[in-house]
Amino acid sequence: MSPEVDERIAAWFAGRGWQIFPFQREVWDAYARGESGLLHCSTGAGKTLAVWMAALREKFSDPGPGLRALWVTPLRALAADTEAALMAPVSEMRLPWTVGRRTGDTSTHNRKKIALAPPNALVTTPESLCVLLSQPDFLPHFASVRLVVVDEWHELLATKRGVLTELALARVRAIAAGVRVWGLSATLGNTDEAAAALGGFLPDGSTAPMRIVSGAARKQIEIESLLPDEAQRFPWGGHLGLDLLPKVVERLRAHKTSIVFTNTRSQAELWFEALSRAMPDWAGQLGLHHGSLSNDVRRAAEEGLRTGTLRAVISTSSLDLGVDFAPVDGVVQIGSPKGVARLLQRAGRSGHQPGAVSRIACVPANTFELVEIAASRDLAEEGVIEPRVPLRAPLDVLCQHLVTVAASGGFHPEILQNEVMLTHAYHTLSPDEWAWALDFAAHGGRALRAYPEYARMVDDAGWLKLRDDATAKRHRLAIGTITSDASIEVRFANGARLGAVEESFVARLRPGDRFLFAGRCLELVRVRELRATVRASRGRPTGVPRWMGGRMPLSSCLSSGVRRRLDRAREGVLDSPEMERLGRILAVQAKLSRLPGEGDFLIERLASREGHHIFFYPFEGRLVHEGLAALFAFRLARVEPLTFSLAVNDYGFELLSAREAPLDVALAAGLFADDGLTEDILGSIHSAELAKRRFREIARVAGLVTEGVGRARKSTRQLMVSSSLLFDVFQRYDPENLLAAQATREVLESQLEQTRLRQTLGELRSRRCEIIRIEEVTPLAYPLFVERLRERLSSEALADRVRRMELVMERHARR
């Protein structure tokens, strides 16, 4: 590279008051040598410029004609900011590069312009990239691509969107000889595996070489808690942290601009309303941002953060990624972050510049979340971050990809098989799985072969192509792996769109009912087809939408940190503000029962007027506990027929029965054994019904059901019925259907975390099991006890019952 080019680049950095970091030069040099790789460093450290400048240096004064770089971003919302970030050095150094973006939000006019004359650099999403790969006229443009950047790779890695990205990269590599692929990532605990998934394999079966570049020194992050004045009360799981509203208000006023993160959309709505009432002088300076709001509402919040016109935005994970909000100097996290990576990612939204300090204040939503916050800080300081495990061979994504390639002009099965097996996800795909997926994508498989609508491909001299343009059009509209829950669009009578809520929530409303959404109190006017018409209301809302998928379980990494913190507390070590505040409560737990250590498995037994309770405390997260609760109930009932009521949280679970359960006998018979685990899990849950629900997503991704467009658009209910019928058909007439089997496998892994559950059973067998009979509800049992009571008591009766239990424990705390 000429010294003159590097001097101009150095001058551009200096003009902005920046220095060039060694890791950026390392990326530039590696790229110049033709290497691909993964750049892993903190949020806001300069990853974008590290890779983009590498491409600019190579073709500084003349990029040449055609498409040179593809920049893949996981969110459409990031595309505009990424385009602006890429354009800044280009325009300021007056380079002849052109930059554009092509996402689902791009207008038809701009799509046509890009198709005719692509820019030198194109910012896109995995789904839009696959759409371009399906278009025969656009396919030749990929031949000139020299760089593909996959931004926020950690966000895609362990998802089907990540697999879709792997398949798209394999296509681009097959078309563009010598293309280099670089991933950008932060908050990732398994960089070697992440790089391998991005790089794939070489034709000789060896792993493609990928250089892993670590960024600058670890970013300085300050993590603190906003503590309650007194920890005398024992709040149970499910609280929103609103008791600390005054402290949050005080913190927001101390910052120039803040983001307030919540873990669910419902929580974001409620906190936005609470802050609006508590800070009337900030009217017009508070924003709301989550995935169910309309694009216009979200963009207004993003622009307000970017320009500093909004003092605070209440958000979910929709603002976790990539957008550079320079004015943000503080972050507030409502509730436990439930994972170290999430905590660091959100903290990085403040001080989003190289060398700046990121600050985050955590607000415990219930008392025991103080332990989680303390454990999160410990792990963050140690540099321990959760890994993201890549998926293996989801056949629904493969079926979709086969149709995508067929739409681009066709393929020879053997050639495409070799290409697909170069990906990390499908490297171990068996010949039988490939043959099955090919037959299913082309003809619908054994059960659907007789139906013309599933015969999507025709054989043309050994090449498989789509049968007609209409099939290709339907497929392009359905490309992607994100499947939405049953939803109803929310609009004002004048047509202004606010967003979407789940169908199940709207079904419980009647005209005139008020609910909180998009930061407003709305009154339902009517529901027609898939639209809820509303009007603004000045009354008090009687409900707030709750969205499925909002549960955020404790990560395995943080679970281990919590157990370690409790173990140290048992030894009298309370060396953080959070643990000091918890001291009295932990002392009550130790007095009434026992405080579990890192190597302990505590089980408490209690007889009450409700029946016989068993409280188990594995400290492994809600999803694992749901599987364990169902499994233990099934195995106990196998010893002696009993019916159980279940309650679950991140720390443990409760089994309640009318008669005392034979726990000792079940332990001797192998309650913790993993022999026959899969069969016992499937026997303990409504596995067929869960698999049928999961199959709706798989059927959509595989192209078995499509939403349609215009008047032919199907409602979510119709799609659910269609997929359910297909599932039943496969179960009856094609029991070896691999998509139906995939549905069961995904239920076990994604919904019940079978792999982690099996690991947990192994750990429980190695821990010291302590069974203690208690006379009163302990602090650890308290949240589980209340969680179950909430299901059958009115709010008033529940409050009375809870207060009586609190008084008992407070008496113990004072002794």
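Residues numbered from 1 in each chain as written. Predicted model: local features only at pLDDT ≥ 70, side-chain atom pairs only at ≥ 80, totals over all residues. Heavy atoms only, no water.

Before going further, it helps to examine the overall build of the protein chain. What the protein chain contains, in helices and strands, is 31 helices and 25 strands. The buried share of the protein chain, taken over its 815 residues, is 56%. Counting contacts in the protein chain only where the partners sit at least 6 residues apart, residues at least 24 apart contribute 75% of the total. Element-wise, carbon and sulfur atoms account for 50% of the exposed surface of the protein chain, whose accessible area totals about 33800 Å². (Helix = DSSP H or I, 4+ residues; strand = E, 2+ residues; numbered from the N terminus. Buried < 20%, exposed > 50% of the residue type's maximum accessible area, 1.4 Å probe, protein only. Contact = heavy atoms within 4.5 Å. Areas by Shrake-Rupley, 256 points an atom, 1.4 Å probe, with all protein chains shown as cover.)

Below, the discussion takes up the environment of Gly351. Summarising the element assignment, Gly351 is placed in the loop between α13 (340–347) and β13 (358–363). The class of Gly351 is buried, set by a relative accessible area of 8%. Along the backbone, Gly351 and Val328 are 23 residues apart, and their C-alpha atoms lie at a distance of 6.7 Å. Ignoring any residue separated from it by four or fewer positions in sequence, one finds Gly351 in contact with Lys219, Val328, Ala356, Val357 and Ser358.

Once that is clear, we can look at the environment of Glu660. Counting through the fold element by element, Glu660 comes out in the loop between β24 (653–657) and α24 (663–668). In this structure Glu660 comes out as partly exposed when scored by relative accessible area, which is 35%. Residues contacting Glu660, with those up to four places away along its chain left out, are Arg605, His612, Leu642 and Arg773. Within the local environment of Glu660, its side chain forms a polar contact with the side chain of Arg773, the two groups lying 2.7 Å apart. (Polar contact = N/O pair within 3.5 Å; in protein donor to acceptor, adjacent residues only side chain to side chain.)

Turning next to the pairing of strand β6 (residues 180–185). The element β6 is largely enclosed, with a buried count of six among its six residues. Of the two faces of β6, the one holding Arg180, Trp182 and Leu184 and the one holding Val181, Gly183 and Ser185 are both buried throughout. Inspection of the sheet shows strand β1 (residues 37–40) paired to β6 by four bridges, in the parallel sense. When the sheet's bridge partners are listed, Leu38 is paired in β6 with Gly183. (Pairing = 2+ DSSP bridges.)

In this section: the packing of aromatic side chains. Applying the stated criterion across every chain yields a total of 20 aromatic pairs. With a centroid separation of 5.4 Å and an interplanar angle of 75°, the aromatic rings of Phe138 and Phe142 are classed as edge-to-face. The exposure class of Phe142 is buried, given its relative accessible area of 0%. Members of the aromatic cluster, each reached through a chain of ring pairs, are Trp436, Phe440, Phe695, Phe727 and Phe730. (Phe/Tyr/Trp six-rings, centres within 6.5 Å; stacked < 30°, edge-to-face > 60°.)

So, on to helix α22 (residues 577–592). The end-to-end C-alpha distance of α22 is 24 Å, a good match for the 22 Å that 16 residues give at a rise of 1.5 Å each. Bending of α22 peaks at approximately 50° at the position of Gly583. Taken as a whole, α22 has its buried residues at Glu578, Met579, Leu582, Gly583, Ile585, Leu586, Val588, Gln589 and Leu592. (Expected span 1.5 Å × (residues − 1). Bend = angle between axes of the 7 residues up to and from the residue.)

This paragraph deals with the sheet that holds strand β22 (residues 611–617). Ordered by their spatial adjacency, five strands build an open sheet running β23-β24-β22-β21-β25, and the pairing between neighbours is mixed. Two strands in the sheet have a free side with no partner beyond their single neighbour: β23 (644–648) and β25 (768–773). On average, adjacent strands in this sheet sit at an angle of 15° to one another, irrespective of strand direction. Examined bridge by bridge, β22 and β24 share five bridges and lie antiparallel to one another. Paired with His613 across the bridge in β24 is Leu656. (Axes fitted to C-alpha atoms, helices over the stretch in contact; angles between N-to-C directions.)

Here we take up the sheet that holds β1. Taken in spatial order, the seven strands of this open sheet run β3-β4-β2-β5-β6-β1-β7, and their pairing is parallel. The sheet is open, and its two borders are formed by β3 (99–102) and β7 (211–214), each paired with just one other strand. Mean inter-strand twist for the sheet, computed between neighbouring axes without regard to direction, equals 20°. Bridge count between strand β5 (residues 147–150) and β6: four bridges; the pairing is parallel. Across the sheet, the residue bridging to Val149 is Trp182, located in β6.

Within the fold, Thr82 resides in helix α4 (residues 76–92). Excluding residues that lie within four positions of it along the chain, Thr82 makes contacts with Trp71 and Val123.

Before going further, it helps to spend a moment on the pattern of salt bridges. On inspection of all chains with the given rule, the structure shows 54 salt bridges. Here Asp296 makes a salt bridge to Arg299, at a shortest N to O gap of 3.7 Å. Of this pair, Asp296 and Arg299 both sit in helix α12 (residues 295–307), three residues apart, which is roughly one turn of that helix. What makes Asp296 exposed here is its relative accessible area of 59%. Residues Glu770 and Arg594 are paired through a salt bridge, measuring 2.7 Å at the closest nitrogen-oxygen approach. (Salt bridge = Lys/Arg side-chain N within 4 Å of Asp/Glu carboxyl O.)

Averaged over every residue, the pLDDT of the protein chain is 87; the share at 70 or more is 89%. Mean pLDDT in the protein chain bottoms out at helix α31 (residues 795–814), which sits at 64, and peaks at β5, which reaches 98. (pLDDT = per-residue confidence, 0-100.)

Side chains three or four residues apart in an α-helix point the same way, a direct result of the helix having 3.6 residues per turn. In this model α4 runs 25 Å from its N-terminal to its C-terminal C-alpha over 17 residues, within 8% of the 24 Å that 1.5 Å per residue would give. Every buried residue of α4 is accounted for by Leu78, Ala79, Asp81, Thr82, Glu83, Leu86, Ala88, Pro89 and Val90. Where α4 is buried, its residues meet α1 (3–15), α3 (47–58), β2 (69–72), β3, β4 (121–124) and α12.

We now examine empty space enclosed by the protein. Scanning the entire structure with this criterion turns up one cavity of 30 Å³ or more. In this structure, the largest cavity spans a volume of roughly 40 Å³. Contributing to the lining of the largest cavity are Tyr31, Ala55, Glu58, Lys59, Arg68, Ala69, Trp97, Arg146 and Leu147. Its residues placed into classes, the lining of the largest cavity shows five nonpolar, no polar and four charged. (1 Å grid on protein atoms, 1.4 Å probe; cavity = no way out; pocket = protein on both sides within 12 Å on 5 of 7 lines; lining within 4 Å. Points joined across faces, edges and corners; volume = space filled by probe spheres on them. Nonpolar A, V, L, I, M, F, W, Y, C, P; charged D, E, K, R; others polar.)

In the Ramachandran plot, Lys338 falls in the positive-phi region, its phi being about 70° despite a non-glycine side chain. Positionally, Lys338 belongs in the loop between β12 (330–334) and α13. The buried category is assigned to Lys338, whose relative accessible area is 9%. In this structure, Ala461 takes a positive phi of about 55° despite not being glycine. You can see Ala461 is positioned in the loop between β14 (457–460) and β15 (463–466).

Moving on, we come to the side chain of His613. Tracing the sequence through the fold places His613 in strand β22. Among the polar contacts listed, one links the side chain of His613 to the side chain of Ser608, at a separation of 2.5 Å. When near neighbours in sequence (up to four residues on either side) are disregarded, His613 contacts Glu604, Arg605, Leu606, Ser608, Glu654, Leu655, Leu656, Phe785 and Arg788.

Interhelical geometry of α3 versus α4 gives an angle of 45° and a closest axis separation of 11 Å. Taken together, the axes of α3 and α4 lie oblique to each other. In the packing of α3 onto α4, the handedness of the crossing is right-handed. Contacts between α3 and α4 involve Thr48, Leu49, Trp52, Met53 and Leu56 from the first element and Leu86, Pro89 and Val90 from the second. (Parallel < 35°, antiparallel > 145°, perpendicular 65-115°, else oblique. Left-handed = near helix turned anticlockwise from the far one by under 90°.)

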